[in-house]
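Structural features, examined
Below are the chains, spelled out letter by letter.
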Amino acid sequence: MQLEKYKIDEFNHSQQAEHTRKFEFLAEGLPKVEEVLQKLVDFQIAIPSWALGTGGTRFGRFSGGGEPRSLEEKIEDVGLLHALNRSSGAISLHIPWDIPQDYKATKALAAQFGLKFDAVNSNTFQDQADQAKSYKFGSMQHVDRAVRQQAIDHNIEVIKHGVELGSDSLTVWLADGSSFPGQLNFRKAFQNTLECLQEVYAALPDNWKVYVEYKAFEPNFYSTTVGDWGQSLLYANKLGPKAYTLVDLGHHLPNANIEQIVSLLLMEGKLGGFHFNDSKYADDDLTAGSIKPYQLFLIFNELVEGMDARGMNHATDLGWMIDASHNLKDPLEDLLQSVQAIMIAYAQSLMVDRTALNEAQQQNDVARAQEILQDAFRTDVRPLVAEAQMRAGGAVNALQLYRQLKVRENLIQERGLKTVSSGL
């Protein structure tokens, strides 16, 4: 389904009076409004190709219908999201779920929707139908060199696909670990993994980055070989300047101070990017900002402060991507909500009075520092985000227009009720 521009324009026109009133009221008291708006226009969040279908629980999967049946239809769905909010201008592919059959045609289709290809993602956490060796007991950590070589070869293959598509980064997430004490020699597992990553690193083009993702547990419950940001940072430092840590917000133990982790990785020049989601208990993969919006804001507060201190470009110097599982919602509605929550948290972080906060910190004025942050967090910046997205050509309220146009109903009519998208 393609969304005609005139439908967005008609919708915006119908909402214009109310939006203008809200935006002008907010903008009147904000400094550097135009500068902030441009940062919001420039900021883009990649959509993973696997998130366009319905997710699942450990016990079942309940399709909502109209899911994309091919890579081409996934690109069309991301194009639809981007047309609505103008903040979703990239797609991230997972190999081998989404291998292009014709690179030139795939790139042309993406360009038609104004999309670029973000990081490509490898998969050594599942066995594929034609796979020679099993990853049941790990991939890069495995005691069998042949299994490790298979994982290396797969990652190098993923890099080659990415080069053809114009991507410039590889994300490696390893499910490697152990479920029982004594199952694994920790030192040997770490060393095996490092040696494999070094071979993959050597295959990176000069302008590429590799992101080493970590996770505290699951699918292994006693140990994971890349279990936290410290272990990921160890790998990144040992690999070299093209290697970075990737932070998935759900991949932490409960109550972890993610904003502090982000700050220190950024300070060390080893923060590569984000997989955005939210959680109540563990790796719940819920809609970004749906459970802990203040934490999301605090993370962005550290990001803006740290990136500005290093003279970094907010939009391009880190990788920004959603990684969620849509078990109950329409996946496209969920993605629209997640992108909006991320944009709101980013906008709020741009509202923080940095000078006043620094003064409060230097004076140990704890109450004042808290008030400065909470003033920014409690500011309703939705009109600001809406203005930026509308100026970029999107809808003033993407989710409202999506429902008004009955997009899911149209997709079901086009694709059928029983389609199942590849991915988790």
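This text follows the structure it describes.
Here is a short report on the structure shown in this document. Everything quoted here is computed from the prediction, not taken from an experiment. (Residues numbered from 1 in each chain as written. Predicted model: local features only at pLDDT ≥ 70, side-chain atom pairs only at ≥ 80, totals over all residues. Heavy atoms only, no water.)

Take helix H15 (residues 407-415) next. All buried positions along H15 are accounted for by Val-407, Arg-408, Leu-411 and Arg-415. All buried residues of H15 lie within an arc of 95° about the axis, which places them on one face of the element. Those residues of H15 that are buried are in contact with helix H3 (71-85), helix H10 (331-350) and helix H14 (398-404). A positive phi of about 105° marks Gly-416, the residue just after H15. (Buried < 20%, exposed > 50% of the residue type's maximum accessible area, 1.4 Å probe, protein only. Helix = DSSP H or I, 4+ residues; strand = E, 2+ residues; numbered from the N terminus. Arc of directions from axis to C-beta. Contact = heavy atoms within 4.5 Å.)

The next thing to look at is unusual backbone geometry. In this structure, Pro-96 follows Ile-95 across a cis peptide bond, with omega equal to 15°. For Pro-96, the location among the structural elements is in the loop between strand S2 (90-92) and helix H4 (103-112). Put simply, Glu-218 and Pro-219 share a cis peptide bond, and its omega is 10°. The residue Pro-219 is located in the loop between strand S7 (209-213) and strand S8 (223-224) in this model. Unlike most non-glycine residues, Asp-285 shows phi in positive territory, near 55°. Looking at the secondary structure, you find Asp-285 in the loop between strand S10 (271-276) and helix H9 (293-309).

Next up on the list: the sheet that holds strand S11 (residues 319-322). On the basis of which strands lie adjacent, the open sheet formed by six strands has the order S4-S5-S7-S9-S10-S11 and parallel pairing. Among the strands making up the open sheet, the edge pair consists of strand S4 (120-121) and S11. Contacts from helix H5 (residues 145-165) reach S4 and strand S5 (169-172) within the one sheet, and its direction differs from that of S5 by about 145°. (Pairing = 2+ DSSP bridges. Axes fitted to C-alpha atoms, helices over the stretch in contact; angles between N-to-C directions.)

Moving on to the packing of aromatic side chains. Working definition: an aromatic ring pair is given by the centre-to-centre distance plus the angle between the planes. Taken as a whole and assessed by the stated rule, the structure comprises 18 aromatic pairs. Plain terms: the ring middles of Phe-217 and Phe-221 are 6.1 Å apart, the flat faces sit at 40° to each other, and that makes the pair tilted. Given a relative accessible area of 24%, Phe-217 falls into the partly exposed group. Among the aromatic residues, those joined into a cluster by ring pairs are Phe-43, Phe-274, Phe-276, Phe-300, Trp-320 and Tyr-346. One Lys or Arg, Lys-270, reaches over the ring of Tyr-244 and ends 5.4 Å from the middle of that ring. (Phe/Tyr/Trp six-rings, centres within 6.5 Å; stacked < 30°, edge-to-face > 60°. Lys NZ or Arg CZ within 6 Å of the ring centre and 35° of its normal.)

Moving on: the pairing of S7. Burial analysis of S7 places four of its five residues in the buried class, which makes it a mostly covered element. Where S5 meets S7, four bridges bridge the pair, whose relative direction is parallel. By the bridge assignment for S7, Thr-171 is matched with Tyr-211. Relative to strand S9 (residues 243-248), S7 runs parallel, the two sharing four bridges. Pairing of Val-212 across the sheet is with Thr-245, part of S9.

It is worth spelling out the pairing of S9 at this point. Among the six residues of S9, six are classified as buried, and the element is accordingly described as predominantly covered. By the alternation rule, side chains of S9 split into Ala-243, Thr-245 and Val-247 and Tyr-244, Leu-246 and Asp-248, which are all buried. Pairing of S9 with S10 involves four bridges; the strand directions are parallel. Of the residues in S10, the one forming a bridge with Asp-248 is His-275. Read from S9 through helix H8 (residues 258-267) to S10, the crossover connection turns out right-handed. (Right-handed = clockwise from strand over helix to strand, strands pointing away.)

Moving on to the sheet that holds strand S1 (residues 47-48). The strand order S1-S2-S3 describes an open sheet built from three strands, whose pairing is parallel. Unpaired on one side and paired on the other, S1 and strand S3 (116-117) mark the two borders of the sheet. Pairing analysis gives two bridges linking S1 to S2, with the strands arranged parallel. Its bridge partner lying in S2, Ile-47 is registered against Ile-91.

Let us now look at the nonpolar core. Residues Phe-274, Phe-300 and Leu-384 are the most contacted members of the largest nonpolar core, which totals 119 residues. Element by element, the count of residues in this core is highest for H10, at 11 residues. With near-sequence residues (within four places) excluded, Leu-384 lies in contact with Phe-23, Leu-26, Leu-30, Val-33, Val-36, Leu-37, Leu-40 and Met-351. Grouped together as the second largest cluster of nonpolar side chains are five residues, Ala-46, Trp-50, Ala-90 and Met-321 included. (Core = buried A, V, L, I, M, F, W, Y, C linked by side-chain atoms within 4.5 Å.)

Going through the model one piece at a time under the given rule, you end up with 17 salt bridges. In this structure, a network of salt bridges that share partners links the residues Arg-69, Glu-73, Asp-77 and Arg-415. (Salt bridge = Lys/Arg side-chain N within 4 Å of Asp/Glu carboxyl O.)

Residue placement: Thr-419 occurs in the segment after H15. Within polar-contact distance, the side chain of Thr-419 engages the backbone nitrogen of Glu-67 at 2.8 Å. Dropping the residues within four chain positions of it, Thr-419 is found in contact with Ser-63, Gly-65, Gly-66, Glu-67 and Arg-69. (Polar contact = N/O pair within 3.5 Å; in protein donor to acceptor, adjacent residues only side chain to side chain.)

A separate point is the environment of Pro-205. Relative to the helices and strands, Pro-205 resides in the loop between helix H6 (186-202) and S7. Once residues lying within four places of it in the same chain are set aside, the contact partners of Pro-205 are Ile-159, Val-163 and Lys-242.

Here Asp-98 is to be found in the loop between S2 and H4. One polar contact links Asp-98 to Lys-74, side chain to side chain, over a distance of 2.8 Å. Not counting the four nearest positions on each side in its chain, Asp-98 is found in contact with Ser-49, Leu-71, Lys-74, Leu-93 and Ser-422.

Relative to the helices and strands, His-252 resides in the loop between S9 and H8. With relative accessibility at 9%, the residue His-252 sits in the buried group. Between the C-alpha atom of His-252 and that of Ser-279, which follows or precedes it by 27 residues, the distance is 9.8 Å. At a separation of 2.7 Å, a polar atom in the side chain of His-252 contacts the side chain of Tyr-214.

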